[in-house]
Amino acid sequence: CFMYDRVTNELPGDEVDLMVRQMLEDVFKKQQTGSMPCLKKRLQFNAYENLSEPEFNYLVKSCTEKKPAISQCRIDIHHKKYEGVGMVVRGNYLLGYAGQECCDLQQGAWMVALNKTEGNWAVQSLYIDGF
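Draft legend 1. Just the packing of aromatic side chains, in detail. Inspection of the entire model under this criterion finds two aromatic pairs. Note on Phe45 and Phe56: the rings are 5.3 Å apart at their centroids and 90° apart in plane angle, and the pair reads as edge-to-face. Pair noted here: Phe45 is in strand 1 (residues 43–45) and Phe56 is in helix 2 (residues 53–64), with a separation of eleven residues, a long-range link.

Draft legend 2. Broad picture of unusual backbone geometry. Look at Asn46: it is not a glycine, yet its phi comes out positive at around 50°. Taking relative accessible area as the criterion, Asn46 reaches 14% and is therefore assigned buried. Of note, the phi angle at Asn50 is positive, near 60°, even though the residue is not glycine. Examined against the element boundaries, Asn50 turns out to sit in strand 2 (residues 48–51). A relative accessible area of 52% means that Asn50 is categorised as exposed.

Draft legend 3. Examining the pairing of strand 2 more closely. The pairing of strand 1 with strand 2 spans two bridges and is antiparallel. The residue of strand 2 that forms the bridge with Leu43 is Leu51. What sits between the antiparallel neighbours strand 1 and strand 2 is a turn of two residues, in which Asn46 has the positive phi angle 50°.

Draft legend 4. Highlighting the pattern of salt bridges. Scanning the model with the defined rule gives two salt bridges in all. Of the charged contacts in the structure, one is a salt bridge between Asp17 and Lys80, with a shortest N-O distance of 3.0 Å. Placement of Asp17 in helix 1 (residues 13–28) and of Lys80 in strand 3 (residues 70–83) is noted, with a sequence separation of 63 residues between them. For Asp17, a relative accessible area of 17% gives the class buried. A salt bridge links Asp76 to Arg74; the nearest nitrogen and oxygen atoms lie 2.9 Å apart.

Conventions adopted
Residues numbered from 1 in each chain as written. Predicted model: local features only at pLDDT ≥ 70, side-chain atom pairs only at ≥ 80, totals over all residues. Heavy atoms only, no water. Phe/Tyr/Trp six-rings, centres within 6.5 Å; stacked < 30°, edge-to-face > 60°. Helix = DSSP H or I, 4+ residues; strand = E, 2+ residues; numbered from the N terminus. Buried < 20%, exposed > 50% of the residue type's maximum accessible area, 1.4 Å probe, protein only. Pairing = 2+ DSSP bridges. Salt bridge = Lys/Arg side-chain N within 4 Å of Asp/Glu carboxyl O.

Here it is in structure tokens:
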């Protein structure tokens, strides 16, 4: 009986999931995403196109300044679909904002389009409902 190892340079699904979850969590928590290897190219964020990494980080900070700090963040991945050399990942999010007397919840859908460049996944576009 022989057992063959698969030779592939693609990230396993759980590593892609981890990368996408970390990026979304950084966006929701207003953290810099500069250390992520997925943001080295220009990307589209909601209605904004051709953003560089500093422009993306500035836009995320300016969009979320009016909201209080997030106390809970849940990111669900529902499905992934390969399209040529790319992948589209879709899911939902649920955020909890702690207030003095209550907790405000915000929920919505998100979509990330990834392209494979130079052997690594790179984010091409990111769309987040209600952001």
